[in-house]
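In case you want the letters, here they are:
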Amino acid sequence: MVLPLQSLTGPSPLSVVGLLLLVVLVVAVYQAIEIVDAYEKEALTVFGEFRGLLEPGINFIPPFVSRTYIFDMRTQTIDVPRQEAITRDNSPVTADAVVYIRVMNAKRAFLEVDDYKRAVSNLAQTTLRAVIGDMELDDTLNKRQEINARIRKELDEPTDEWGIRVESVEVREVNPSKDVQQAMEQQTSAERKRRAMILEAQGERQSAIERAEGEKRSNIIRAQGEKQSQILEAQGDAVSTVLRARSAESMGERAVIERGLEALEVIGAAESTTFVLPQELTSLVGRYGKQLTDSDVAEPTEGLESLEFDADTRELLGLDDIESILDEIGAPMDVNESDLTEGTGSIKSAEEVIEEMDAELEDTEEPTEK
């Protein structure tokens, strides 16, 4: 078997050159095409010279002699490492923060600063220490917003020159030293105890006020009750007094009649011809004579008005039993009904005596002598 001469001697130089040219062409096409994402921009340099920024999409660049630098145009987060600082009142603290930045000018970020992220982080560290050192410990713990605003203000000017905008700065933690933390815990505990004591004292004070107010209202209600009781008691006494007075008034006439009869009996038994008769007795005699004669005296008098005897008084005087009355006063027993009607006999003499007494009593209200 005879082999071709070409296969014995290997590939020809032309084929090798053609293959190399093909490879070079493929690599050149690959390097000439640059695809930029939508959120990025790329700085282009040719032979080390800045030629411009590549926009998102497909870009053609010189192959083999071009270089690109990618810049993310989105908001980026930079962690500021934990920093140790001393406050204005000489209290050591540690703090860390987060800085949010965005590339606004990729050309300046490429030409003005070597590594803008590292530059912003270092600048934030020094600014954080400076701001905390210019504040007291209590302010660093309580005024986080003020610290954030001051750090952002300090970062704005230099970062603007780099084409970077600081969107926000957030201090995450500010921790004092362990000794200070223990002292703060003791202070917090004492403050809580003080507040608890104040609240307890206020509660006791309010409770005492409520008890005093309750006692005051109770005393007022009790006093009002006693006052009402006294008023009712006084009203009861007044009603009782009125009733007793009315009862005495109703019984007074009967007592006068009884005493009058006793006086008449004494006068009739006496030998004297001069008698002192009170005005009430003359009225009594007149009424008694009216019952005996069943008629009024001959002429009206200005003394006390002769009133009608009620049933109890008639029974007490025995006017319904005339004969027994006449026997008691020593009058003649032969008095008949016609004599009583005409006013004769001893009854007539009694009426004459009454008329004479009433005539003398017209000029005076004092007791008179007859």
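Every residue gets a number counted from 1 within its own chain, in the order that chain's sequence is written. In view of the model being predicted, local features appear only for residues whose pLDDT reaches at least 70, and side-chain atom pairs are presented and counted only at 80 or more, with totals across whole chains, interfaces and linings using the full set of residues. As a rule here, side-chain values cover all heavy atoms of the structure and leave hydrogens and water aside.

Asks: Explain the overall build of the protein to me, and be specific about the residues and the numbers.
Replies: Think of it this way: any DSSP run of H or I at least four residues long counts as a helix, any run of E at least two long counts as a strand, and we number them from the N terminus. Along its length, the protein carries twelve helices and ten strands. Three labels apply to residues, based on accessible area from a 1.4 Å probe with only protein chains included: buried if under 20% of the type maximum, exposed if over 50%, partly exposed otherwise in between. Relative to its full complement of 370 residues, the protein shows a buried share of 26%. We call two residues contacting when some pair of their heavy atoms lies within 4.5 Å. The long-range fraction of contacts in the protein, counting pairs at least 24 apart against all pairs at least 6 apart in sequence, stands at 62%. Each accessible area value is a Shrake-Rupley result obtained with a 1.4 Å probe; residue values ignore everything except the protein chains displayed when judging cover. When the accessible surface of the protein is split by element, carbon and sulfur atoms take 52% of a total near 25,500 Å².

Asks: Account for the UniProt feature "transmembrane region" (unreviewed entry) in the protein, with residues named and values stated.
Replies: UniProt positions are given in the numbering used here, feature names are shortened, and annotations may be inferred rather than shown by experiment. Those places that UniProt annotates as "transmembrane region" (unreviewed entry) correspond, in this numbering, to residues 12-33. Across residues 12-33, helical content stands at 91% and strand content at 5%; the span's end C-alpha atoms are separated by 33 Å.

Asks: Quick rundown of the sheet that holds strand 5 (residues 66-72)? Include the residues and the values.
Replies: Criterion used throughout: strands pair if DSSP finds at least two bridges between them. In space, the three strands of this open sheet follow the order 3-2-5, with antiparallel pairing throughout. Of all strands in the sheet, those bounded by a partner on one side alone are strand 3 (49-54) and strand 5. The mean inter-strand angle of the sheet, taken between neighbouring strand axes irrespective of direction, is 25 degrees. Direction of pairing for strand 2 (residues 40-46) relative to strand 5: antiparallel, over a ladder of seven bridges. Between N-to-C directions, angles cover 0 to 180 degrees, with each direction set by a line fitted to C-alpha atoms, over the stretch in contact for helices.

Asks: Which residues make up the packing of helix 4 (residues 116-133) against helix 6 (residues 144-161), and what are the values?
Replies: One way to put it is that helix 4 packs onto helix 6 with a least axis distance of 10 Å and a crossing angle of 140 degrees. One element, helix 4, and the other, helix 6, form an angle in the oblique class. Two packed elements cross with a definite hand, and for helix 4 against helix 6 that hand is right-handed. Of the residues in helix 6, those in contact with V120, L123, A124, T127, L128 and V131 of helix 4 are I147, R150, I151, E154, L155, P158 and T159. Across the contact of helix 4 with helix 6, the residue classes break down as nine nonpolar, two polar and two charged. Here the angle decides the label: under 35 degrees means roughly parallel, over 145 means roughly antiparallel, 65 to 115 means roughly perpendicular, and every other value means oblique. What makes a crossing left-handed is the near helix being turned counterclockwise from the far one by less than a right angle; a clockwise turn instead makes it right-handed. Three categories are distinguished: nonpolar for Ala, Val, Leu, Ile, Met, Phe, Trp, Tyr, Cys and Pro, charged for Asp, Glu, Lys and Arg, and polar for the others, with Gly belonging to the last.

Asks: Outline the pattern of salt bridges, supporting the account with residue identities and numerical values.
Replies: What makes a salt bridge here is a side-chain nitrogen of Lys or Arg within 4 Å of a carboxyl oxygen of Asp or Glu, nothing more. Scanning the entire structure with this criterion turns up 14 salt bridges. Where R172 meets D96, a salt bridge forms, and the shortest distance between an N and an O atom there is 3.4 Å. On the criterion of sequence distance, the pair formed by R172 in strand 8 (residues 164-176) and D96 in strand 7 (residues 92-103) is long-range, its members being 76 residues apart. By relative accessible area, D96 is classed as buried at 8%. Across the pair R102 and E167 runs a salt bridge, and its minimum N-O distance is 3.5 Å. Pair noted here: R102 is in strand 7 and E167 is in strand 8, with a separation of 65 residues, a long-range link. A network of salt bridges, in which partner residues are shared, links R82, D96, R172 and E173.

Asks: Residues and numbers for the packing of aromatic side chains, please.
Replies: Whether two aromatic rings pair depends on their centres lying within 6.5 Å, for rings of Phe, Tyr and Trp, where Trp uses its six-membered ring; planes under 30 degrees apart make the pair stacked, over 60 edge-to-face, and the rest tilted. Within the structure shown, the criterion is met by four aromatic pairs. Measuring from ring centre to ring centre gives 6.2 Å for F71 and F110, while their planes differ by 85 degrees; the resulting arrangement is edge-to-face. Taken together, the residues F71 in strand 5 and F110 in helix 3 (residues 106-111) connect sequence positions 39 residues apart. Residue class for F71 comes out buried when judged on its relative accessible area of 5%.

Asks: Summarise a negative patch on the surface; cite the residues concerned and give the values.
Replies: Note on patches: the residues involved have over 30% relative accessible area and no salt bridge, like charges join within 9 Å, and the nonpolar side chains Val, Leu, Ile, Met, Phe, Trp and Tyr join within 5 Å. Two residue types count as positive, namely Lys and Arg, and two as negative, namely Asp and Glu; His and chain ends fall outside the count. To locate a charge, take NZ of a lysine, CZ of an arginine, CG of an aspartate or CD of a glutamate. A cluster of acidic residues, E112, E154, E157, D160 and E161, forms a negative patch on the protein surface. The topology assignment puts E161 in helix 6.

Asks: I'd like to hear about the side chain of N59, residue by residue, with values.
Replies: Relative to the helices and strands, N59 is located in strand 4 (residues 57-60). Side-chain atoms alone can form a polar contact between residues adjacent in sequence; in general such a contact is a pair of N or O atoms within 3.5 Å, and within protein one must be able to donate a hydrogen while the other accepts it. From its side chain, N59 meets the backbone oxygen of E55 in a polar contact 2.8 Å long. Residues contacting N59, with those up to four places away along its chain left out, are A32, I33, E34, V36 and L54.

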